[in-house]
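# Fold and contact review
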Amino acid sequence: SKSLSDEENLKLFGKCNNPNGHGHNYKVIVTVRGEIDPVSGMVINLTDLKECMQEAIMEPLDHKNLDKDVPYFAEVVSTTENVAVFIWENLKKLLPMGTLYKVKVYETDQNIVVYKGEETI
């Protein structure tokens, strides 16, 4: 985080605090919801969903240094939580309104973030 000192970053992020960056092989699961089309039997055509995921996730993020290559992360800390928000916002623009239900991002098998957009309770 640019707003923290080197010592604060080390304390907060531990081994993930590397001045030269570090990598992850994220796994992303997208869940949609809605009425099932009686003809196709689908909420959304899976080919269309894959195309949206390609545009919203793979093109901007795959094989990129998030902090240096993705403008969104120039001012936003590239935590898995913020990666999930980034993916949500990109997908939301491409999918039919109201169909995006959940974005699940695996940083590792043990570190998983689930994001469902801004919800009010």
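Here the structure is a predicted model, which is why all the values come from computation and not from measurement.

A few words now on the sheet that holds strand β3 (residues 112-115). Here we have three strands laid out as an open sheet, ordered β1-β2-β3, and antiparallel in their pairing. Of all strands in the sheet, those bounded by a partner on one side alone are β1 (27-32) and β3. Mean inter-strand twist for the sheet, computed between neighbouring axes without regard to direction, equals 15°. Here six bridges tie β1 to strand β2 (residues 100-106), and the two strands are oriented antiparallel to one another. For Val 32, the partnering residue across the bridge sits in β2 and is Leu 100. In this fold helix α4 (residues 80-94) packs onto β1, β2 and β3, with an angle of close to 145° to the strand it touches most, β2.

Their axes nearest at 8 Å, the elements helix α2 (residues 46-61) and α4 cross at an angle of 140°. Judged by the angle between their axes, α2 and α4 are oblique. Considering only the axes of α2 and α4, their crossing is right-handed. Together, Cys 52, Met 53, Glu 55, Ala 56, Ile 57, Pro 60 and Leu 61 of α2 and Val 83, Phe 86, Ile 87, Asn 90, Leu 91 and Leu 94 of α4 make up the contact between the two elements. The residue makeup of the contact of α2 with α4, split by class, is eleven nonpolar, one polar and one charged.

In this section: the pairing of β3. Judged by which residues are buried, β3 turns out to be one-sided: Val 113 and Tyr 115 face inward and are buried, whereas Ile 112 and Val 114, on the alternate face, are not. With four bridges connecting them, β2 and β3 associate as antiparallel partners. Residue pairing across strands places Tyr 106 opposite Ile 112, the latter belonging to β3. Between β2 and β3, which pair antiparallel and follow one another directly, the connecting turn spans five residues.

What counts and how
Every chain's residues receive numbers from 1 upward, in the order its sequence appears when written. Only residues with pLDDT of at least 70 are given local features in this predicted model, and only at 80 or more are side-chain atom pairs given and counted; all residues enter the totals for whole chains, interfaces and linings. Only heavy atoms go into the side-chain values, all of them from the structure, while hydrogens and water stay out. Any two strands with at least two DSSP bridges between them are considered paired. A run of H or I in DSSP counts as a helix once it spans at least four residues, and a run of E counts as a strand once it spans at least two, with each numbered from the N terminus. The axes are straight lines fitted to the C-alpha atoms, using for helices just the contacting stretch, and the angles between their N-to-C directions are given from 0 to 180°. The contact criterion used throughout is that any non-hydrogen atoms of two residues lie within 4.5 Å. Relative orientations are named as follows: roughly parallel for angles under 35 degrees, roughly antiparallel for angles over 145 degrees, roughly perpendicular for angles from 65 to 115 degrees, and oblique for any other angle. Crossings are assigned a handedness: left-handed for a near helix turned anticlockwise from the far helix by less than a right angle, right-handed for a clockwise turn. Charged means Asp, Glu, Lys or Arg here, nonpolar means Ala, Val, Leu, Ile, Met, Phe, Trp, Tyr, Cys or Pro, and polar covers whatever is left, Gly included. Buried, partly exposed and exposed residues are distinguished by accessible area as a fraction of the type maximum, computed with a 1.4 Å probe on protein chains only: under 20%, between the cut-offs, and over 50%, respectively.

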